[in-house]
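So you can see what is in the structure, the chains are spelled out below.
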Amino acid sequence: MSAATLEAQVTDTPPADPAAEGTEPDPRYTFANERTFLAWSRTALALVVAGLGVVQLLPPFPGVPWGRHVLGVPLIVFGAVVAVTAYLEWVRNQRAMRLRRPLPQSVMPKLLAAVVAAMAVISGVVVLVSALR
Amino acid sequence: MTPGQHDPGQHDPGQDDPWDLDDPDPGRARERTSLAWTRTALSFAAVGAVVLRKDIILGLIILCAAPVTWQLGRLAHHLRGRLELVTGTIVAVALAALIVAVTH
């Protein structure tokens, strides 16, 4: 393995502590990064409570006893995924700012849009199946 | 220029300098971030209230996360582990919600 390859691997491997390398960025960007993390955290909590609400508060779908769980459980699991991904993105963004690099592209909006669209389709299917039975 | 970069050519020492890293109050950013922490704490309270209807103990535990989160937002932003704690709490809440959803 060449020294350049080794150096690239070391450089591309995020350290455990995002504050361990580079220089302190403009505090306004640090705060903005933290606010973005918090906004995604609230989205994660909203997904969890939406999933719980679907399972616990919606009346059962006639003829589809598993309907509420099919809709609610994925939302709760996705809430946890969003929370963890938000933290990882905060680490990546903080590291990029400290190293004066362009910010990495976020996967979160696409991921959220895909999951919400999928849940809408599944909801439609459950309602349709319930109406037909 | 990448985000966070500082162009010294734009510096005006006669004004309140937002690029001053030693400035304890960079504009309203700190205030906006503090409000974001407050909203997050309120979100925990809302989740706790919903869970409270089905599981009192679990709901009370999640409700306790609200003042803790609010207090975390008031601590210095250099303090390590704050965001990890929020992430861990949300994952724990999701796990608890999953158990409530499946078992109740």
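Residues numbered from 1 in each chain as written. Chains lettered and ligands numbered in written order. Predicted model: local features only at pLDDT ≥ 70, side-chain atom pairs only at ≥ 80, totals over all residues. Heavy atoms only, no water.

**Here's the deal with the overall build of chain B**
Part 1 of the reasoning: When you go through chain B residue by residue, the secondary structure sums to three helices and zero strands.
Part 2 of the reasoning: Counting from the amino terminus, helix and strand elements in chain B follow one another as α-α-α.
Part 3 of the reasoning: When the 104 residues of chain B are sorted by exposure, 36% land in the buried category.
Part 4 of the reasoning: Considering only intrachain contacts with a sequence separation of at least 6, the fraction spanning at least 24 residues in chain B is 46%.
Part 5 of the reasoning: Carbon and sulfur atoms make up 62% of the accessible area of chain B, which totals about 6,100 Å². (Helix = DSSP H or I, 4+ residues; strand = E, 2+ residues; numbered from the N terminus. Buried < 20%, exposed > 50% of the residue type's maximum accessible area, 1.4 Å probe, protein only. Contact = heavy atoms within 4.5 Å. Areas by Shrake-Rupley, 256 points an atom, 1.4 Å probe, with all protein chains shown as cover.)

**Some points on the confidence of the model for chain A**
Do not read the predicted coordinates in detail wherever pLDDT is low.
All names here are of chain A.
Part 1 of the reasoning: In this model, chain A carries a mean pLDDT of 86, and residues with pLDDT of at least 70 account for 85%.
Part 2 of the reasoning: Mean pLDDT across the elements of chain A ranges from a minimum in helix α1 (residues 3-12), with 44, to a maximum in helix α3 (residues 67-98), with 95.
Part 3 of the reasoning: Residue range residues 1-11 is modelled with pLDDT below 50. Its contacts to residues more than four positions away, or to other chains, number four contacts. (pLDDT = per-residue confidence, 0-100.)

**Quick word on the pattern of salt bridges**
Oppositely charged side chains can pair when the atoms bearing their charge come close.
Part 1 of the reasoning: For the structure shown, the criterion picks out five salt bridges over all chains.
Part 2 of the reasoning: Here A:R28 ties to A:D26 by a salt bridge, and the two come within 3.4 Å at their closest N and O atoms.
Part 3 of the reasoning: According to the relative accessible area criterion, A:D26 is buried, its value standing at 2%.
Part 4 of the reasoning: Its salt-bridge partner being B:E31, residue B:R28 comes within 3.0 Å of it at the nearest N-O pair.
Part 5 of the reasoning: Accessibility expressed as a relative area gives 57% for B:R28, which makes it exposed.
Part 6 of the reasoning: For B:E31, a relative accessible area of 43% gives the class partly exposed. (Salt bridge = Lys/Arg side-chain N within 4 Å of Asp/Glu carboxyl O.)

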